[in-house]
Amino acid sequence: MEIDCSTSDAAAAETAAPAPLPVGTRLLHIGPHKTGTTSIQGALFAARDAMAEHGVVFPAHSRHPMEAALGVCARPGMMGETKPTEKHWQRLVEQVHATGKRTSVVSSEFFADAPDDETIARIVDDLGRERVHVLITLRPLSKIMPSQWQQYVQNGLRMGYEDWLTHMLRKAPYEKPNPSFWRRHRHDRLVERWARVVGAENITVVVVDDSDRGGLMRTFESLLGLPDGLLEAVPDTANRSLTLAETEMLRKLNREFRGNGLPDELYSKLVRGGAVMRMKNTCRPAPGDARISTPEWALEAAAGIGAEMTERIGAMGVRVLGDPALLSVVPAVITATEGTEPVAARIDPEVAAQALYGALAVAAAAPAPAPARRAPVRTVHQTSSRELVRVLGHRVLKRLKRT
């Protein structure tokens with residue numbers, strides 16, 4: 001759906017489809033986060049054999065070459081995980097160049113975290129500047145903010161949602177506690193950084209319309225010259241967002257975790273890889289579960305920023321697909337009906353049990369430690385609770401490292 005940012009012809013936006021990119025293009029989808037990236041990555045990976053029959057290659061060996069993007073951007077991985085290195089990026093570059101003259105597509109939202117023009121230039125040069133076309137997907141900030149907050153909580157954030165919104169929207173320089181947020185989601189500046197390096201003519205911006213569930217898939221098919229319907233969404237329970245109750249449970253666990261000085265590696269293995277993963281894979285949110293609700297003042301602020309970003313992007317000369325007006329819409333605030341109590345953010349016992357089991361299962365899978373020399377005996381009652389938790393955490397981590 002290609003439209004001119006200076007027109008309000010909605011009919012044209014509904015019927016026009018983008019022409020395929022030239023054969024041999026290396027389409028680089030840089031996200032940013034929470035704009036349909038996981039959905040499109042899953043679809044591309046699942047259809048890689050079918051795409052190859054139509055001359056389009058998905059060169060990465062996994063759904064999401066996250067380590068490669070983090071490596072070239074010199075960014076750390078998730079809390080407690082090993083930092084990706086240059087070799088991850090070089091491996092992806094080799095895979096891309098092995099596609100020869102065929103069209104290829106690479107997708108990672110972590111490319112949006114490129115810290116400067118030099119890094120962006122290196123990315124496109126390594127992939128083949130003369131053949132790279134950059135694709136940026138955008139959604140309204142009102143949809144991104146709650147999803148991004150709970151994702152930050154999954155990486156150790158301890159701040160509540162409204163407090164976090166206040167810091168992101170009202171407390172200059174708007175960089176604490178997550179400086180990456182506006183690096184990713186001040187979308188006009190993101191587009192400007194990449195256009196400055198690759199040229200506006202080599203960038204396509206896609207405004208994702210959440211009311212058109214298959215729209216993003218169809219756009220990728222059109223740009224890559226693939227048949228309609230070849231790309232299909234792949235269910236991925238591990239990527240579902242947490243409910244408000246689940247997020248609050250995890251946020252309070254984060255406080256205890258940090259307060260007791262436990263190692264980050266333990267968080268990665270037991271909490272994110274054990275408790276959270278088990279909770280996502282086994283528990284579906286119930287219809288009555290409390291949602292992460294954004295206050296009206298924040299929705300209005302986000303819409304105002306969206307209008308600024310839309311105007312600036314429209315003046316950059318990049319191709320825009322979809323309706324830019326969606327980025328500045330103020331969604332209706334859903335409130336409880338009169339005489340009823342708001343839904344409490346209470347964790348279901350089954351959800352809590354599955355989360356606890358997930359952590360225990362990871363710990364139990366680690367081999368038992370080798371016998372150690374006997375030390376002077378000190379009873380549990382002679383040891384502080386904080387020291388007990390810290391010692392237990394380090395012992396579990398040693399066992400996990402032997403796995």
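Residues numbered from 1 in each chain as written. Predicted model: local features only at pLDDT ≥ 70, side-chain atom pairs only at ≥ 80, totals over all residues. Heavy atoms only, no water.

1. With respect to the overall build of the protein
Stage number 1. In terms of helices and strands, the protein carries 16 helices and 6 strands.
Stage number 2. Residues classed as buried in the protein amount to 47% of the 403 residues present.
Stage number 3. For the protein, long-range pairs separated by at least 24 residues make up 81% of all intrachain contacts whose partners lie at least 6 apart in sequence.
Stage number 4. As displayed, the protein offers around 20,500 Å² of accessible surface, 53% of which is attributable to carbon and sulfur atoms. (Helix = DSSP H or I, 4+ residues; strand = E, 2+ residues; numbered from the N terminus. Buried < 20%, exposed > 50% of the residue type's maximum accessible area, 1.4 Å probe, protein only. Contact = heavy atoms within 4.5 Å. Areas by Shrake-Rupley, 256 points an atom, 1.4 Å probe, with all protein chains shown as cover.)

2. Quick look at the pattern of salt bridges
Note on pairing: side chains with opposite charge can pair once their charged atoms come close.
Stage number 1. According to the stated counting rule, one finds 16 salt bridges in the structure shown.
Stage number 2. In this structure, the salt-bridge partner of Asp117 is Arg196, at a minimum N-O distance of 2.8 Å. Of this pair, Asp117 sits in helix H6 (residues 117-127) while Arg196 sits in helix H10 (residues 187-198), and the two are 79 residues apart along the sequence.
Stage number 3. Here Asp117 falls in the partly exposed class, since its relative accessible area comes to 25%.
Stage number 4. As a salt-bridge pair, Glu248 and Arg251 come within 2.7 Å of each other at their nearest N and O atoms. One end of the pair, Glu248, and the other, Arg251, are both in helix H12 (residues 244-259), 3 residues apart, so they sit about a helical turn from each other. The pair Glu248 / Arg251 is uniform in exposure class, with both members buried.
Stage number 5. Taken together, the shared-partner salt bridges in this structure form one network comprising Arg186, Asp188, Glu192, Glu308 and Arg312. (Salt bridge = Lys/Arg side-chain N within 4 Å of Asp/Glu carboxyl O.)

3. Focus on the pairing of strand E1 (residues 26-29)
Stage number 1. A two-sided burial pattern is seen for E1, the buried positions comprising Arg26 and Leu28 on one face and Leu27 and His29 on the other.
Stage number 2. Relative to strand E3 (residues 103-107), E1 runs parallel, the two being bridged by 4 bridges. Opposite Leu28, over in E3, you have Val106 as the bridge partner.
Stage number 3. Bridge analysis of E1 against strand E4 (residues 132-138) gives 4 bridges, and the strand direction is parallel. Its bridge partner being in E4, His29 is matched across the sheet by Leu135. (Pairing = 2+ DSSP bridges.)

4. A few points about helix H15 (residues 349-365)
Stage number 1. Here H15 is 17 residues long and its end C-alpha atoms lie 24 Å apart, about the 24 Å a rise of 1.5 Å per residue gives.
Stage number 2. Inspection of H15 places Val351, Gln354, Ala355, Gly358, Ala359 and Ala363 among the buried residues, and these make up the whole buried set. (Expected span 1.5 Å × (residues − 1).)

5. Considering the nonpolar core
Stage number 1. Membership of the largest hydrophobic core comes to 62 residues, with the highest contact counts inside it found for Phe111, Ile123, Trp194, Phe220 and Leu231.
Stage number 2. Looking at this core element by element, the count peaks at 6 residues for H10.
Stage number 3. Judged by nonpolar contacts, the second largest core, of 37 residues, contains Leu157, Met168, Ala298 and Ala302. (Core = buried A, V, L, I, M, F, W, Y, C linked by side-chain atoms within 4.5 Å.)

6. A look at the confidence of the model for the protein
Stage number 1. In this model, the protein carries a mean pLDDT of 88, and residues with pLDDT of at least 70 account for 84%.
Stage number 2. Every residue in residues 1-15 scores below 50 in pLDDT, and together they form 23 contacts with partners more than four places removed in sequence or on other chains.
Stage number 3. Note that pLDDT drops below 50 for residues 377-383; the model gives that stretch 4 contacts with residues more than four away or on any other chain. (pLDDT = per-residue confidence, 0-100.)

7. Overview of the pairing of E4
In regular strands, side chains alternate between the two faces of the sheet.
Stage number 1. Burial within E4 is extensive, with 7 of its 7 residues counted as buried.
Stage number 2. Burial of E4 is two-sided: the residues Val132, Val134, Ile136 and Leu138 facing one way and the residues His133, Leu135 and Thr137 facing the other way are all buried.
Stage number 3. Judged from the 5 bridges that link them, E4 and strand E5 (residues 203-207) form a sheet pairing that is parallel. Among the inter-strand pairings, Leu138 is bridged to a residue of E5, identified as Val207.

8. Side note on the environment of His64
Stage number 1. With respect to the helices, strands and loops of the structure, His64 is situated in the loop between strand E2 (56-57) and helix H4 (66-72).
Stage number 2. Note on His64: relative accessible area 12%, which makes it buried.
Stage number 3. When residues no more than four places from it in sequence are discounted, the contact partners of His64 are Gln41, Ser107, Ser108, Glu109 and Phe110.

9. Re the environment of Ala19
Stage number 1. Residue placement: Ala19 occurs in the loop between helix H1 (10-15) and E1.
Stage number 2. A relative accessible area of 49% means that Ala19 is categorised as partly exposed.
Stage number 3. As a C-alpha pair, Ala19 and Gly225 span 206 residues in sequence and 8.0 Å in three-dimensional space.
Stage number 4. Residues contacting Ala19, with those up to four places away along its chain left out, are Ser222, Leu223 and Arg319.

10. Side note on the packing of helix H8 (residues 161-170) against helix H14 (residues 296-314)
Stage number 1. Between H8 and H14, the shortest axis-to-axis distance is 11 Å and the interhelical angle comes to 30 degrees. You can see that H8 and H14 cross each other, and the crossing is left-handed. In contact with Glu162, Leu165, Thr166, Leu169 and Arg170 of H8, H14 contributes Trp297, Ala298, Ala301 and Ile305.
Stage number 2. Taken together, the residues of the contact of H8 with H14 break down into 6 nonpolar, 1 polar and 2 charged. (Axes fitted to C-alpha atoms, helices over the stretch in contact; angles between N-to-C directions. Left-handed = near helix turned anticlockwise from the far one by under 90°. Nonpolar A, V, L, I, M, F, W, Y, C, P; charged D, E, K, R; others polar.)

11. Describing unusual backbone geometry
Stage number 1. In this model, Gly31 is joined to Pro32 through a cis peptide bond whose omega is 10 degrees.
Stage number 2. Mapped onto the secondary structure, Pro32 falls in the loop between E1 and helix H2 (37-46).
Stage number 3. Cis geometry marks the peptide bond from Lys176 to Pro177, where omega comes out at 5 degrees.
Stage number 4. Looking at the secondary structure, you find Pro177 in the loop between H8 and helix H9 (180-185).
Stage number 5. Residues other than glycine seldom take positive phi values, yet Ala74 does so here, at roughly 55 degrees.
Stage number 6. Among the structural elements, Ala74 can be located in the loop between H4 and helix H5 (86-97).

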